[in-house]
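Letter by letter, the chains look like this.
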Amino acid sequence: MSRLLIFGLGYTAGRIAERLAGDGWHVVGTTRDGRGDTLRFDDVDAVTAEIAAATHILSSVPPVDEVDPVLVRYGSLLMRTRAWLGYLSSTGVYGDAQGAWVDETAPTGGGRRSARAAADADWLAIGARAFRLPGIYGPGRSPLDRVRQGKAHRIEQPGQVFSRAHVDDIVSGVIAGFDAPAGAYNLADNVPASQNDVVAYAAMLLGMPAPPFVTLEQLSAMGRGFYKENRRVANGKAKRVLGWTPAWPDYRAGLRALSAMTRPIPDSTAPATAKADQ
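Residues numbered from 1 in each chain as written. Predicted model: local features only at pLDDT ≥ 70, side-chain atom pairs only at ≥ 80, totals over all residues. Heavy atoms only, no water.

A. A look at the environment of G22. Mapped onto the secondary structure, G22 falls in helix α1 (residues 11-22). You can call G22 exposed: its relative accessible area is 63%. When the C-alpha positions of G22 and W101 are compared, they lie 36 Å apart, and in sequence the two are 79 residues distant. (Helix = DSSP H or I, 4+ residues; strand = E, 2+ residues; numbered from the N terminus. Buried < 20%, exposed > 50% of the residue type's maximum accessible area, 1.4 Å probe, protein only.)

Okay, structure coming up:
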């Protein structure tokens, strides 16, 4: 039986776990506190046993205090394992490209994600597949939810674009990576776009007015850092090497699908099913 150990069973990794468990995989995840059916991250004996048994190991844990906690605690074991290794990284490793396209050959390490870039490089050095992810959206975590909750905004920033990906496209990309050589792979949709356009489209789908514009000074430090970066993420390598194609090639397709999933049920009921003798 294929056995997957996931370090950090969060939103995206949880969707991967659900998909593979449904396909008959044995999946074990870690969390900081061991909640639910997960392992506590610092339960060294239990995690060591799972590393030894795993056929596949995936980490979605970001750096903490400038270091990768998974590699710090379990790196020596991971360097010796024969299991497939994967790491959910970030396209933030590319820093600001001033709106230019970046692929896996672009320099990393610049900007506000130096610790993430270092972790990305360390995972690649031990033979992992580093899946570099852009803005992630999906059920329960999308511009539709932020608009509905009154938490969305727009920024007057001409020429600013970002890449994004539906969470289930990331799931399919990671699974496609099981048969792929080690290396970095960008899993992004086909159409980088302005965050303003995405938010306005979400509002339109909900039949709500587009959120107001705010200034950069009104944002948190993290929000201001987000808008200091401007890049388009190319996905050609993932398509070519993994044989992967996003099911939702742009934010419009993805948000329409999510909107259809959450649309209220009509008040009227369908007519009764016709009897066989009619």
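From this point, things continue past the structure.
B. The sheet that holds strand β11 (residues 183-186), seen in detail. Here seven strands make up an open sheet; going across it, the order is β3-β2-β1-β4-β5-β7-β11 and the pairing parallel. A strand with exactly one partner marks an edge of an open sheet, and here the two such strands are β3 (39-40) and β11. (Pairing = 2+ DSSP bridges.)

C. A look at the packing of aromatic side chains. Taken as a whole and judged by the stated rule, the model has 12 aromatic pairs. With 6.1 Å between their ring centres and 75 degrees between their planes, F7 and F41 make a pair best called edge-to-face. Of this pair, F7 sits in strand β1 (residues 3-7) while F41 sits in the loop between β3 and α2 (44-53), placing them 34 residues apart in sequence. For the pair F7 and F41, a shared accessibility class is recorded, and that class is buried. Taking the centre distance of 5.5 Å and the plane angle of 90 degrees together, the rings of F41 and Y74 count as edge-to-face. Remark: Y74 occurs in helix α3 (residues 69-80) and F41 occurs in the loop between β3 and α2; sequence separation between them is 33 residues. Across the pair, Y74 and F41 agree in class, each one buried. Among the aromatic residues, those joined into a ring-pair cluster are W25, W84, F131, F178 and Y185. The ring of Y11 carries R141 above its face, with NZ or CZ at 4.3 Å from the centroid. (Phe/Tyr/Trp six-rings, centres within 6.5 Å; stacked < 30°, edge-to-face > 60°. Lys NZ or Arg CZ within 6 Å of the ring centre and 35° of its normal.)

D. Structural detail: the packing of α1 against helix α6 (residues 167-176). Between α1 and α6, the shortest axis-to-axis distance is 9 Å and the interhelical angle comes to 60 degrees. As the angle between them shows, α1 and α6 are arranged oblique. Where α1 crosses over α6, the handedness of that crossing is right-handed. Residues Y11, T12, R15, I16, R19 and L20 of α1 pack against V167, D168, I170, V171, V174 and I175 of α6. Residues that form the contact of α1 with α6 fall into these classes: eight nonpolar, one polar and three charged. (Axes fitted to C-alpha atoms, helices over the stretch in contact; angles between N-to-C directions. Parallel < 35°, antiparallel > 145°, perpendicular 65-115°, else oblique. Left-handed = near helix turned anticlockwise from the far one by under 90°. Contact = heavy atoms within 4.5 Å. Nonpolar A, V, L, I, M, F, W, Y, C, P; charged D, E, K, R; others polar.)

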